[in-house]
Structures are given as C-alpha cells and as structure tokens.
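Structural overview for review
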Amino acid sequence: MRNLARTSRIAFAVTGIPGGADDVEAALLRTRLIEAAKEFSGRNGPRPLTLTVTNQPPGGERQSGSEAGSGAGPEPDEPSIAERARQFTATRPLYTFDRLVLPERTLDQLLRAVHTVEQRRVLFDDWGLREIQPHPGSAVNLEGAPGTGKTLAAHALADRLGRPLIAARASQLESKYHGEGPKNLAALFHAAREQGAVLFLDEADALMSARFETISQGAEHAVNAMRSEMLTALDHHEGLVVLATNLVACYDTAFDSRVWHVRFPAPDEAARAGIWRRHLPDALPLAEDVSPEGLAGVDEVTGRDIRRAVIDAAAEVLRTGQPRVRQADLLAAVERIKAGRPYRAAPTPLSMSGGAG
C-alpha cells in the first residue's frame with residue numbers, strides 16, 4: 001500500500017491482485033477494503049479518502065477502483081459510455097423467418113413483437129400512447145431447452161425489421177474491476193441505440209435472476225447492481241431486446257411485467273420433418289432414399305441436433321468416398337449424436353422424516 005499525494009484528499013492504492021484470481025474472492029476483497037476505508041474516513045474526516053483497488057502494477061496505464069469518500073469524480077482515464085460501447089458491434093442477421101420451424105402460436109407471438117416495433121410511431125406518437133409509455137420499447141424473452149431455435153429466432157426478428165443485430169452474453173459484461181459490469185451493460189444498450197440494432201442477450205438468466213435480499217459479499221453487491229441496471233435499461237430502451245434462456249425459473253419477478261415470454265417447445269415429429277427439410281441444401285448430394293419424414297421418426301432431437309447430424313453425415317460420406325448421402329448415413333449420424341450426450345442422473349429427492357422434539 002502506498003500513499004499517493006493529492007491536493008485535497010488522502011489516497012491509497014492497493015496493487016497486485018492477480019489477474020487470474022477468483023472473481024468472487026477478488027470482489028469480496030475489494031468490498032472489504034472499501035468498507036474499511038469508508039469506516040476509517042468517517043472516523044478521521046473531514047478530508048475525503050479515496051481507495052483505488054487494481055491488479056495493475058504501480059504506474060500502470062489503467063487503474064480502476066471505487067471511492068470511499070464523497071466528492072470524488074471518476075478516474076481521469078475512465079472510458080466514457082460511448083468508448084465502452086465501441087466493443088459492441090452490430091452484424092448482419094444470419095437467418096430469416098423462413099428458417100424457423102415453430103408452432104403457429106409461437107410464431108404469432110414473435111410477429112407481434114416485430115409489429116410493435118414497426119408501428120411504434122403510429123401507436124405511441126399518432127395515437128398518443130407515449131403518454132402512458134414514455135419509452136416504447138419491446139423486450140421478448142425466448143425460453144426453452146438448448147437447441148430449440150432461440151438464437152435463430154433472434155436473428156430472424158432482426159432480419160424481419162431490416163436491422164443489424166448485436167449479440168452479447170453476460171460474461172462479456174462482467175469485469176475484474178469492481179462496479180464495471182453495470183457500466184458495460186449501459187454501454188451495450190447505448191451501442192444498440194446508436195447503431196439502430198436489435199439487441200440479443202443470450203443466457204439472460206445470468207443478468208435477470210433474483211436479486212439478493214441480504215448482501216454479505218462484494219460479489220452479491222455486484223450481482224444486484226447488474227440486475228438494477230438491467231431493469232433501468234429495459235425501462236428506457238426504445239428498440240427491440242431479445243433475451244434467451246433455458247432457466248427462466250431463475251428470473252427475478254421484477255422482469256415479468258417488462259418482457260413478453262415466448263416458449264420454445266421441443267419439436268414434435270411434424271416439426272422435426274420440417275427442420276430436416278430445411279437442413280438439407282439443394283447442393284448436398286442426396287441419395288433417392290432420403291426421407292425427411294422417415295428421419296423425423298427419431299425422437300428426442302432438437303434443431304441443433306439435426307444440423308449437427310447433417311454436417312456429420314456429409315463429412316463422413318466425403319471421408320469414405322461415397323458419392324451421395326444416404327438415409328442410413330443421416331440416421332447413423334443422429335444416433336451418434338444422441339449416444340454421445342453425457343449422462344446426467346436425475347436429482348435424487350430428499351427424504352424427510354419427522355420425530356418428537
């Protein structure tokens with residue numbers, strides 16, 4: 001710990017936190033140091049005390065931390081929200097609605113979300129609905145098992161609106177620096193506004209799960225800060241936000257009234273046949289015996305499984321020198337995928353017994 005002389009404040013920097021340290025332990029260390037500095041400043045004021053916690057060596061280019069006293073502004077080298085937003089770049093959507101094979105009700109829910117964005121000017125400006133909803137955004141939560149088409153749907157929604165897509169995960173927003181996560185999240189929404197993009201957040205449960213009611217660790221404080229920033233961002237964003245999760249039960253109830261929940265079911269046999277047809281390109285050399293309806297008889301597979309099976313079968317045919325992909329090749333590939341899944345035992349119910357106290 002070294003004393004850094006400043007004109008009107010006493011400042012200390014703690015350096016040397018290893019870059020590869022456990023995030024939870026590092027966050028806990030930072031929080032305890034900050035709280036200790038606040039307590040010290042309160043007893044020995046009125047001169048404000050600033051504590052900077054960093055993993056950079058003394059004299060490093062980047063130091064980020066939290067302040068223990070009042071009246072301190074951001075560090076001179078702290079990036080602005082516009083600078084942070086540059087790390088999020090919109091790209092052209094990869095899929096269209098023609099690629100989606102979903103129940104009619106699910107497709108209708110997706111199209112409703114698109115329509116609200118498309119007709120925003122009429123609904124909220126011409127018809128005056130902005131009086132009751134000043135920031136007319138649209139947030140859609142796609143929930144379902146892995147491989148059921150949630151990512152494909154996010155791209156299709158952006159394509160339908162004629163807009164680019166910014167795709168991000170919670171892990172991209174987290175930072176080793178205390179308090180940086182909410183700033184990165186705000187920058188992500190800023191990037192979507194500036195680029196006129198649809199915002200797609202995969203694994204959204206990491207950002208929208210229930211907040212901690214009692215905070216005992218720095219990591220818990222960081223989680224709550226991210227949840228609060230997410231709520232604020234959804235309330236003020238006027239574009240389309242698409243969220244995807246397979247753990248919707250973990251969501252904080254505060255998000256329920258802010259998003260439209262759209263369920264993505266596992267495909268039934270008719271849906272599997274449609275998915276097989278869409279995943280057999282015209283240029284793929286197929287034998288005459290290939291039947292999407294016959295392939296659809298293999299159950300417990302998702303769209304992602306089918307895509308993998310087609311690629312695996314084609315690669316195997318090319319490797320062995322066969323002229324065409326046969327039905328047997330596709331069936332063997334999809335069975336290999338099913339057989340290769342890791343075994344996960346079902347949770348064992350807890351047995352509870354009572355007795356006299």
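In this report, the structure presented in the accompanying data block is examined. Within every chain, residues take consecutive numbers counted from 1 along the sequence as written. Predicted model: local features are reported for residues with pLDDT of at least 70 only, side-chain atom pairs are reported and counted for 80 or more only, and whole-chain, interface and lining totals are derived from all residues. Computation of side-chain values: all heavy atoms of the structure, hydrogens and water removed.

The next subject is the side chain of Asn 141. Helix and strand definitions follow DSSP, with helices as H or I runs of at least four residues and strands as E runs of at least two, each counted in order from the N terminus. Position of Asn 141 relative to the elements: it lies in strand S4 (residues 138-144). By relative accessible area, which is 0% here, Asn 141 ends up buried. Among the polar contacts made by the side chain of Asn 141, one reaches the side chain of Tyr 251 at a distance of 2.6 Å. Residue contacts for Asn 141: discarding those within four places in its chain leaves Leu 243, Ala 244, Thr 245, Val 248, Tyr 251, Val 259, Trp 260, His 261 and Val 262. Each residue is placed in one exposure class: buried if its accessible area under a 1.4 Å probe, protein chains only, is under 20% of its type's maximum, exposed if it is over 50%, and partly exposed if it falls in between. What qualifies as a polar contact is a pair of N or O atoms within 3.5 Å, subject to a donor-acceptor requirement within protein and to the restriction that residues adjacent in sequence count only when both atoms come from side chains. Pairs of residues are marked as contacts when any of their non-hydrogen atoms sit within 4.5 Å.

Now for the sheet that holds strand S6 (residues 198-202). By this definition, two strands are paired if DSSP reports at least two bridges between them. Strands sit in the order S5-S6-S7-S4-S8 across an open sheet of five strands; the sheet is parallel. Here the strands that pair on one side only, and so sit at the sheet edges, are strand S5 (165-169) and strand S8 (260-264). Taking each pair of neighbouring strands and ignoring which way they run, the sheet shows an average axis angle of 20 degrees. The strands touched by helix H5 (residues 150-161) within the sheet are S4, S5, S6, strand S7 (240-245) and S8, with S7 carrying the most contacts at an inclination of about 170 degrees. Every axis in this analysis is a line fitted to C-alpha atoms, fitted for helices over the stretch in contact. Angles between the N-to-C directions lie between 0 and 180 degrees.

Along an α-helix, residues three or four positions apart point the same way, because every turn accommodates 3.6 residues. For helix H3 (residues 104-118), built from 15 residues, the straight-helix expectation of 21 Å at 1.5 Å per residue is met to within 8% by its first-to-last C-alpha distance of 21 Å. Buried within H3 we find Thr 106, Leu 110, Ala 113, Val 114 and Val 117. Viewed end-on, H3 has its buried residues packed into an arc of 95 degrees, placing them on one side of the element. Residues of H3 that are exposed and point more than 90 degrees away from the buried face comprise Glu 104, Arg 105 and Arg 112. At its buried positions, H3 is contacted by helix H4 (120-126), S4, H5, S7 and S8. By this rule, a helix spans an expected 1.5 Å times one less than how many residues it contains. The arc in question is traced by the directions running from the helix axis to the C-beta atoms.

We call a set of buried residues a nonpolar core when its members are Ala, Val, Leu, Ile, Met, Phe, Trp, Tyr or Cys and they connect through side-chain atoms within 4.5 Å of each other. Within the largest apolar cluster, 31 residues are counted, with the highest numbers of intra-cluster contacts made by Ile 166, Leu 188, Leu 207, Met 208, Met 230 and Leu 243. Where this core is concerned, the elements lending two or more residues are S5, helix H6 (170-173), helix H7 (180-195), S6, helix H8 (205-208), helix H9 (218-236) and S7. In terms of residues, this core owes the most to one element, H7, which gives six residues. Residue contacts for Leu 243: discarding those within four places in its chain leaves Val 140, Asn 141, Leu 142, Leu 201, Ala 204, Met 208, Met 230, Tyr 251 and Val 259. Among the nonpolar cores identified, the runner-up in size contains 24 residues, and Ala 113, Ala 153, Ala 158 and Leu 240 belong to it.

On to the pattern of salt bridges. A side chain with one charge may pair with a side chain of the opposite charge, provided their charged atoms come close. Salt bridges are defined by distance alone: a side-chain nitrogen of Lys or Arg within 4 Å of a carboxyl oxygen of Asp or Glu. Taken as a whole and judged by the stated rule, the model has 15 salt bridges. Here Arg 277 ties to Glu 293 by a salt bridge, and the two come within 2.6 Å at their closest N and O atoms. Remark: Glu 293 occurs in helix H11 (residues 292-295) and Arg 277 occurs in helix H10 (residues 269-278); sequence separation between them is 16 residues. A relative accessible area of 48% means that Glu 293 is categorised as partly exposed. Connected via shared salt-bridge partners are Arg 84, Glu 180 and Lys 183.

What follows concerns a nonpolar patch on the surface. The grouping of Trp 127, Leu 129 and Ile 132 at the surface amounts to a nonpolar patch, some 380 Å² of accessible area in total. Mapping Ile 132 onto the fold places it in the loop between H4 and S4. You can call Ile 132 exposed: its relative accessible area is 70%. Patch membership requires more than 30% relative accessible area and the absence of a salt bridge. Residues of like charge join within 9 Å; the nonpolar side chains Val, Leu, Ile, Met, Phe, Trp and Tyr join within 5 Å. The Shrake-Rupley method, run with a 1.4 Å probe sphere, supplies the accessible areas, and residue values consider only the shown protein chains as cover.

Two numbers describe how helix H12 (residues 303-320) lies on helix H13 (residues 327-339): the axes approach to 8 Å, and their chain directions differ by 125 degrees. With respect to H13, the element H12 is oriented oblique. Note that H12 runs across H13; the crossing there is right-handed. In this structure, H12 contributes Asp 305, Arg 308, Ala 309, Val 310, Asp 312, Ala 313, Glu 316 and Val 317 to the contact, and H13 contributes Asp 329, Leu 330, Ala 333, Val 334, Arg 336 and Ile 337. Taken together, the residues of the contact of H12 with H13 sort by class into eight nonpolar, no polar and six charged. Each angle is binned into one of four classes, with values under 35 degrees roughly parallel, values over 145 roughly antiparallel, values of 65 to 115 roughly perpendicular, and all other values oblique. The handedness criterion is simple: a crossing whose near helix is rotated anticlockwise from the far helix by less than a right angle is left-handed, and one whose near helix is rotated clockwise is right-handed. Throughout this entry, Asp, Glu, Lys and Arg are counted as charged residues, while Ala, Val, Leu, Ile, Met, Phe, Trp, Tyr, Cys and Pro are counted as nonpolar. The remaining residues, Gly among them, count as polar.

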